[in-house]
Amino acid sequence: MLGDRGVLVRSFGRVLASAPLIMACLWANTSNALNNDTLLLDKKTLAGLLDGQESKRVDVAEILRAKERDLQGKNTQEKIEHYEKLLRSNGITPVPMPYKSADYIQARFAKADSSTKAHLSKYYASADKKSGAFASVMIGASRLTQIYTDGLYNKTNNVPKDTAGVVCTDTDKSGCKTSGVFRNGEQGIEFISNLFAFGGGFGYQKFFNPYLGSRLYGDGLLSAGNENINNQSVGSFYYVLGGMNVDVLAELPFSLFAGQNRVLKDMAVGLYGGLSIGVLLLFDQANENLVKHTNGYTSKDVLWNYLLQVDYGFNLGISFSLTSRYKLDFGAKIPMSAVGLPSELRLGLESPASYSNGEALVSKDIVITRTPFWYVSFITLF
């Protein structure tokens, strides 16, 4: 791979630009003739340079052009191997080092010997191989619970019914305004939905060494299903959860135990954790069963015409790297409510359902919770 040893090509260019070494290459020991043991040119190419004159002095640029012609049609690996051999034939031992890390290692570990620098080079090269932009596809499952309590907001804030002289106080809630849509609505009605979602994401990850890194990415999950009261479907819904995420990554490479095993050397197992902030979007649509749970009122929606709110959560999971490019994540998107923190923020960007008695539900009468979103994600690094 050019990233690991491409510096050899650049190093050779600098070597050829060095007059003392060039002169050492151009002239044989005492005969002042070009020596192909140090030039490693094709015999035909060398003969063309000499033009029948063994002691002919040849310009450096001519040798470089001859080298370029000699290597035409060869792939990058073949060129790298040729330049390695050329450097060694001139008494120079190349030390492979990734170009991105070379300057840092030289500055930070200037006094280290060549073997230490080579080890550091592999150390940082391993991190570089796992860094870059990535895309993912994911599937997941969760359970969404919506509890509707008729008059919850109005009773909390002492909002009276639309009737003159009605009393609504901290001690007397009978005069507080309710919609009267659902049977036993004031005792609370639970709507249960199972979420089976699919989606994906894009982002960038950076490993600082073979063991620790971080990533920033956006992702989204889409689900559709039923809203149920007492295991009876009263409507269908569409649910979208999307957001921006930042995670800390920790990995344990299998190479620590497997040595240079070709299959296991790029595999790793790891953990990750982070934060997510995004949006939750929900639509629903009623079916013929809904009226069985109302006081005879109908609506095209169950609870929402639409709901858009901010969603906060934690990311937590384990990962399994198949290679440096491909990885599987097994994780959970955990709402912050799981640890007693707010997990949602409504911005007034919602429209609750309206019913045939002319009443619209109050959005703050509906409390939404969900279990952790358990998911599997397949990640490809570009």
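Remember, predicted model here, so these are calculated numbers, not experimental data.

Parameters at a glance
- Residues numbered from 1 in each chain as written.
- Predicted model: local features only at pLDDT ≥ 70, side-chain atom pairs only at ≥ 80, totals over all residues.
- Heavy atoms only, no water.
- Helix = DSSP H or I, 4+ residues; strand = E, 2+ residues; numbered from the N terminus.
- Contact = heavy atoms within 4.5 Å.
- Areas by Shrake-Rupley, 256 points an atom, 1.4 Å probe, with all protein chains shown as cover.
- Phe/Tyr/Trp six-rings, centres within 6.5 Å; stacked < 30°, edge-to-face > 60°.
- Buried < 20%, exposed > 50% of the residue type's maximum accessible area, 1.4 Å probe, protein only.
- Core = buried A, V, L, I, M, F, W, Y, C linked by side-chain atoms within 4.5 Å.
- Disulfide = S-S within 2.5 Å.
- Polar contact = N/O pair within 3.5 Å; in protein donor to acceptor, adjacent residues only side chain to side chain.

A.B. asks: Explanation requested: the overall build of the protein chain in the structure shown.
C.D. replies: Looking only at helices and strands, one finds eleven helices and ten strands in the protein chain. By sequence separation, contacts in the protein chain at least 24 residues apart represent 71% of the contacts at least 6 residues apart. A total accessible area of about 20,500 Å² is found for the protein chain, and carbon and sulfur atoms account for 58% of it.

A.B. asks: So what exactly am I meant to see when it comes to the packing of aromatic side chains here?
C.D. replies: To describe a pair of aromatic rings, you give the distance between the ring centres and the angle between the ring planes. With the rule as written, the count across this model stands at six aromatic pairs. Judged by centre distance (6.0 Å) and plane angle (55°), the ring pair of Phe134 and Tyr217 falls under tilted. One end of the pair, Phe134, is in strand E1 (residues 132-148); the other, Tyr217, is in strand E3 (residues 212-229), with 83 residues separating them in the sequence. Owing to a relative accessible area of 3%, Phe134 belongs among the buried residues under this scheme. Members of the aromatic cluster, connected to one another through ring pairs, are Tyr148, Phe182, Phe191 and Tyr355.

A.B. asks: Sorry if this is basic, but what is going on with the environment of Leu349 here?
C.D. replies: Relative to the helices and strands, Leu349 resides in strand E8 (residues 344-352). Since its relative accessible area comes to 41%, Leu349 is described here as partly exposed. A C-alpha to C-alpha distance of 5.6 Å links Leu349 and Leu308, two positions 41 residues apart in sequence. Filtering out sequence-adjacent residues up to four positions away, Leu349 remains in contact with Tyr306, Leu307 and Leu308.

A.B. asks: Any chance you could explain the nonpolar core here in plain terms?
C.D. replies: Most often, soluble globular proteins keep nonpolar side chains buried together rather than apart. By size, the foremost hydrophobic cluster in this structure holds 34 residues, and its most contacted members are Phe182, Phe191, Tyr239, Leu303 and Leu361. Among the secondary structure elements, those contributing two or more residues to this core are E1, strand E2 (189-207), E3, strand E4 (232-253), strand E5 (268-286), strand E6 (304-321), strand E9 (366-370) and strand E10 (373-381). In this structure, Leu361 is in contact with Tyr148, Ser179, Val181, Phe182, Val302, Leu303, Pro352, Ala353 and Tyr355, ignoring residues within four places of it in sequence.

A.B. asks: Just to check I follow, could you spell out unusual backbone geometry for this structure?
C.D. replies: Negative phi characterises most residues that are not glycine, and trans characterises most peptide bonds. Here the phi dihedral of Asn230 falls at roughly 50°; this positive angle occurs in a residue that is not glycine. Structurally, the position occupied by Asn230 is in the loop between E3 and E4. In this model, Asn231 sits at a positive phi of 65°, which is unusual for a non-glycine residue. Position of Asn231 among the secondary structure elements: in the loop between E3 and E4.

A.B. asks: How should I be thinking about the state of the cysteines in this particular structure?
C.D. replies: Here is the idea: a disulfide is a covalent bond, and it sits between the sulfur atoms of two cysteines. Inspection of the entire model under this criterion finds one disulfide. Between Cys168 and Cys176 runs a disulfide, and the two sulfur atoms are separated by 2.1 Å. Across the S-S bond linking Cys168 and Cys176, the dihedral sits near 85°, which makes this disulfide right-handed. Of the residues examined, Cys168 reaches a relative accessible area of 13% and is grouped as buried.

A.B. asks: It is not clear to me how the side chain of Arg370 should be interpreted in this structure. Could you clarify?
C.D. replies: Positionally, Arg370 belongs in strand E9. Looking at Arg370, the relative accessible area reads 11%, which means it is buried. At 3.0 Å, the side chain of Arg370 and the backbone oxygen of Lys333 are in polar contact. Here Arg370 is in contact with Ser142, Arg143, Leu144, Tyr239, Leu241, Asp311, Lys333 and Pro335, once residues within four sequence places are set aside.

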